[in-house]
Amino acid sequence: MDFLQPALDGFSVVLEPTNLLYCLLGVTIGMLIGVLPGLGPAATIAILLPLTYGVEPVTAIIMLAGIFYGAQYGGTITSVLLRLPGEASSVVTVFDGYMMAKQGRAGTALGIAAIGSFVGGTVAIIGLTFLAPLVAGFALDFGPPEYTALALLGILLVATISNGNKSKALIAACFGLLLATVGRDIFTGGERFTFGNVNLADGIDFVPVAMGLFGLGEILHNLEERHRAAKAPAKVSNVWPSGADLRQASGSIGRGSVLGFFLGILPGGGATISSMAAYAMEKKRAKRPERFGRGAVEGVAGPETANNAAATSSFIPLLTLGIPANATMALMFGALLIQGVTPGPQLVQQEPELFWGVVNSMYIGNILLLIMSIPLIGVFVRILRVRAAILGPITALITLLGAYTINNSMFDVTLVVLFGAIGYLMKKYGFEPGPLVLAFVLGSLLESNLRRSLLVFEGDVTGFFARPISATLLLLFLLVAALPLIQSALRRRRTRGTSPEGMPAEDSDRTSVKENA
Amino acid sequence: MHKTPFRQALLGATAVTAALALTACGGNVGGNAQASGEDFPTEPVTLTVGQAAGGSTDLIARAVAEGASEDLGVPMPVVNKPGANGALATQEVAGAAADGHDLVLLNASLITITPLAVGEEEAVSLDDVEVLKGLSQDDYVMVASKESGLKTVEDVKNASGTFSYGTTGVGTGSQLAQTILFEQAEITGTEVPFDSGSPALTAVLGNQVQVATIQLGEAKPQIDAGEVVPIVVFSEERNEFLPDVPTAVESGYDVPVAQYRAVAAPNGTPQEVKDRLVEAFDAALASEAYQQFNEQNLLTPREISGEEVEAEWTELAERYQQLVEEYDISLAE
């Protein structure tokens, strides 16, 4: 078990006081913004990104990761107590969580959610621990052709799996791809869309784009939303669920962990999708599905477990391949780049302290969250009373200050304002900024690696299929592209829906989500 | 520390000037803004770097700034303004007030190589700034993958037409050195540009490209581990950290390419201020901490005067221009 040694060494990194402090800070901020509807983890990370500039890379990522999975806990609280999902990934928790609260079982719902989140998160970390070195073993086989195939698959998945309107997601992704072409052509030195502006010579920086779209755009959009006055939350008592509740939920927690883990790894997947899929799966499996929506414990346990498992497992493609699976991971990607660390297959070997420090911090972070989530519920609920008119300007100010400090550039501040306006308009008209940002990141990866591969292959496209990894990835790409056709063919043939696992189930999941929404 | 009394006097002087400056504040607006050597520096001296934090240029800037700030008695914050190979930072400092409080750390490649590949608005010339002090030389080494079996330039020549080579980008020393060498040795290979040194090295490790030229500091760990094979160094003399690797020059090729770094101030900086700054940098370069830093980062000191730097870089720029024209090489298409 030699490979476990660096993993164990990672604990000594996490247990350094500074890192513990930042871990605590991260999960606390995460829970906080999880409670606040509107302000999501992506926005928060975008806003706080520049502040991490001055600390060690491992410390910075530990904190940012804490924000991400901490938000999954926080979002639950308001879903259950106020019927107000703090995060998109906790929307489905409202159905049964709030009903449970109305029946006086709010404590049980929150307790189950916290335990489920903890289990889901832990299962995913263990998966990450064992899977990452495996992937990293192939590190050197990942050349330009493999990255081309991976980026291609990523962009397709982003557009097909992402929640919301598919054609709008595709349009946003195309815009992101276009943005990625700005700047000097790294193969010929030719200028593209720079209009003679030296600031654009290296292309548009990812961080101001993300800070604008997620940070400022989100703030602007929130200010416009009419805020409901915070209702008096349901009373919380009896947080520890009874043995009967636990028995009832244990299956859902197990299934949610596995489902969330796998959906989190997929590019375009993540916490929101897996929580919805888990809810649909639980409802489908239930002997009496009519209980769902009326306070079924499984309806809270499944999604809450899955969203945390997915939040954790989405670190796998980023830390092992350098491919961000969702918008928040794209921000982590940016954070690592700011720190001078390029995420990729070599990260595990070259920066074992960073890698294992971050991975192991998630164990600690999950324990902290489990401890904090119950006693602090009252405090978090009170935060909801802070008016958007106060919160908005403060966060906007922090965003703009932060944007300046990264490169000491006023041009970046202008970019943030510009993309803030774009992000606001996108939200207003139902476009998700996620696919744009992901396509923007993957677009430059795709272009440069495709051109590099073609140079190596001397223009021979079949070269992609002569390499095992890129061939497999491209086959997968074709499969995903053809999936909708296969699905509709299957649906026509299928007489009884007896298959709970695998691809066909995913399809039926999606339809049932629509029924619920 | 024989300099201590002087430094204390200086600190005292600075404190007095600072106090004077404070009391005189409001009435000073229309006054003579030009600082003289004695009351310089009156405020922190900013050292701008055109590269991102964490890279070798940034590390050098921070090492130099630490020593110089100690000698000057004021802080010397390093500010990163990455963009266009450093043109952005250089243009900004060139336009700043010439009072010695805004300096820039220059990469020679920006002056000598980048203009061969980019448009005029991105090119920076030495006429825009005054160089204060040369710092060090960072050598390029060409490495080959283990699988390729290439060990010498001769091997590469025999593999002509069947291999591809990585560069660290268009308009870099890595690209220039390899294209000139291959032209002179009549070697043909497929050029594959990467974004920087580390992905190019990874591609060699995975044998996706068979050779690549990167900076020594980046390649050394993998060379020592035996994962890549060093073929040739592009400095004029053998590098002290790789004494067994031949230079391109001694193999009979005229390819003297290395990265040099220097500090510069805006044009028109008063002579006394420049003298004071050079004195501070000399003190920084003489410190043991800085010398250790050079060794750790495999940098060869090249601590020459500003005039010498300007002459040397101008000559290099002309030489590269000639070579590029002679062999009809175009770095950019």
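None of the values given here were measured: they were computed from a predicted structure.

Where charged atoms from two side chains of opposite charge approach closely, those side chains can pair. Residue and element names in this part refer to chain A. If you walk through the whole model with that rule in mind, you get 23 salt bridges over all chains. Residue R291 is joined to E298 by a salt bridge in which the shortest nitrogen-to-oxygen separation is 2.7 Å. Look at the salt bridges and you will find they share partners, linking D185, R192, E447 and R451 into a network.

The next thing to look at is the environment of G169(B). Residues and elements named next belong to chain B. For G169, the position within the fold is in the loop between β5 (164-167) and α6 (173-184). The sequence separation of G169 and L331 amounts to 162 residues, and the corresponding C-alpha distance is 9.7 Å. Residue contacts for G169: discarding those within four places in its chain leaves Q175, P193 and F194.

Moving on: the nonpolar core. Among the nonpolar cores identified, the biggest contains 109 residues, and I204(A), F206(A), F214(A), F315(A), L331(A) and M332(A) are the most heavily contacted of them. Counting residues per element, this core draws most heavily on helix α4 (residues 57-82) of chain A, at 15 residues. With sequence-adjacent residues up to four places away left out, L331(A) is seen in contact with A42(A), I45(A), A46(A), L49(A), F206(A), A210(A) and F214(A). Counting residues in each nonpolar core, the second largest holds 56 residues, with V104(B), A177(B), L181(B) and A258(B) among its members.

Glancing now at the interface of chain B and chain A. Tallying the contact residues gives 28 residues for chain B and 25 residues for chain A. Together chain B and chain A conceal approximately 2400 Å² of surface at their shared face, both sides included; 51% is due to carbon and sulfur atoms. Run the count over chain B and chain A and you get one salt bridge. In this structure, the salt-bridge partner of D195(B) is R452(A), at a minimum N-O distance of 3.5 Å.

Quick look at the side chain of H101(B) now. All names here are of chain B. Within the fold, H101 resides in the loop between α3 (87-94) and β3 (102-107). Overall, the relative accessible area of 4% leaves H101 in the buried class. Apart from the residues lying within four places of it in its own chain, the contact partners of H101 are F40, P41, T42, E43, P44, V45 and T46.

Moving on to the pairing of strand β4 (residues 129-145) of chain B. Residues and elements named next belong to chain B. The buried fraction of β4 amounts to 17 of the 17 residues, a majority that puts the element mostly inside the structure. Strand direction decides the pairing type here: β4 and strand β9 (residues 258-266), joined by nine bridges, are antiparallel. From the neighbouring strand, V131 faces β9, where its bridge partner is A264. Both β4 and strand β10 (residues 300-301) contribute to a ladder of two bridges, which runs antiparallel.

Here is what the cut-offs are and how they apply
- Numbering of residues begins from 1 in every chain and follows the order in which that chain's sequence is written.
- Here chains are named by letter from A upward and ligands by number from 1 upward, in the order in which they appear as written.
- Selection of residues for local features in this predicted model requires a pLDDT of at least 70, selection of side-chain atom pairs for listing and counting requires 80 or more, and totals for whole chains, interfaces and linings are taken over all residues.
- Each side-chain value is derived from all of the structure's non-hydrogen atoms; neither hydrogens nor water enter the calculation.
- One speaks of a salt bridge when a side-chain nitrogen belonging to Lys or Arg is within 4 Å of a carboxyl oxygen belonging to Asp or Glu.
- Strands are runs of DSSP state E lasting at least two residues, helices are runs of H or I lasting at least four, and both sets are numbered from the N terminus onward.
- Contact between two residues is taken to exist if any of their heavy atoms lie within 4.5 Å; hydrogens are not considered.
- Put simply, buried Ala, Val, Leu, Ile, Met, Phe, Trp, Tyr and Cys residues joined by side-chain atoms within 4.5 Å make one nonpolar core.
- Categorising residues by exposure relies on relative accessible area from a 1.4 Å probe, with only protein chains included: less than 20% of the type maximum marks a residue as buried, more than 50% marks it as exposed, and the intermediate range marks it as partly exposed.
- When two parts are put together, the accessible area they lose, computed with a 1.4 Å probe and summed over both, is reported as buried area.
- Any two strands are treated as partners once DSSP identifies two or more bridges connecting them.

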